[in-house]
Amino acid sequence: GLGDVYKRQIEFIEIFNHVAKVARPAHVKVAIADSMEDTFQEIGLDSLDGLVMLMYFDDLYGIDDTISKEWTPVSVQELHDLVMAHKTKEPASMEEVVEACK
């Protein structure tokens, strides 16, 4: 139901924020996405950060990089929709995400 959709979106935002932290250079402050509507620009991610993030998402969701390199998502929602449309697997837990992003 709708509760599940909402829960999955919250989980995706959590994953997004973790990956964003890992992808950013250490000296750069990471803004946190609060909603699916947040754009990369609003939270201070540039195109290079986006590319690095996509590499992690490819890994976490089993997406072929020849597919994802065509993507130009500008918001958390757009990235979510692309990932969901092309994923071959999903991280089982936040622990798995943290582990994969080391």
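Structure: above.
The structure reproduced in this document is the subject of the present report. Just so we're clear, the structure is a prediction, and the values are computed from it rather than from any experiment. (Residues numbered from 1 in each chain as written. Predicted model: local features only at pLDDT ≥ 70, side-chain atom pairs only at ≥ 80, totals over all residues. Heavy atoms only, no water.)

**Quick notes on the layout of surface pockets**
For step 1, the next point in the chain: When its volume is computed, the largest pocket comes out at roughly 270 Å³.
For step 2, the next point in the chain: As for the largest pocket, its lining consists of 14 residues, of which Glu11, Phe12, Ile15, Tyr61 and Glu90 are closest to the centre.
For step 3, the next point in the chain: When residues in the lining of the largest pocket are grouped by element, the largest group, five residues, is from helix α1 (residues 2-23).
For step 4, the next point in the chain: In this structure, the second largest pocket encloses a volume near 170 Å³.
For step 5, the next point in the chain: In this structure, the second largest pocket is lined by Phe40, Asp46, Ser47, Gly50, Leu51, Leu54, Ser68, Lys69, Trp71, Thr72, Pro73 and Val74.
For step 6, the next point in the chain: Of all the elements, helix α2 (residues 47-61) adds the most residues to the lining of the second largest pocket, at four residues.
For step 7, the next point in the chain: Within the lining of the second largest pocket, the residues separate by chemical class into six nonpolar, four polar and two charged. (1 Å grid on protein atoms, 1.4 Å probe; cavity = no way out; pocket = protein on both sides within 12 Å on 5 of 7 lines; lining within 4 Å. Points joined across faces, edges and corners; volume = space filled by probe spheres on them. Helix = DSSP H or I, 4+ residues; strand = E, 2+ residues; numbered from the N terminus. Nonpolar A, V, L, I, M, F, W, Y, C, P; charged D, E, K, R; others polar.)

**Examining the nonpolar core**
Soluble globular proteins tend to bury their nonpolar side chains together.
For step 1, the next point in the chain: In terms of nonpolar packing, the biggest core is built from 24 residues, with Phe12, Phe16, Met53, Phe57, Tyr61, Leu79 and Val83 touching the most fellow members.
For step 2, the next point in the chain: Those residues within four positions of Val83 in sequence are excluded, and the remaining contacts are Phe12, Phe57, Tyr61, Ile63 and Trp71. (Core = buried A, V, L, I, M, F, W, Y, C linked by side-chain atoms within 4.5 Å. Buried < 20%, exposed > 50% of the residue type's maximum accessible area, 1.4 Å probe, protein only. Contact = heavy atoms within 4.5 Å.)

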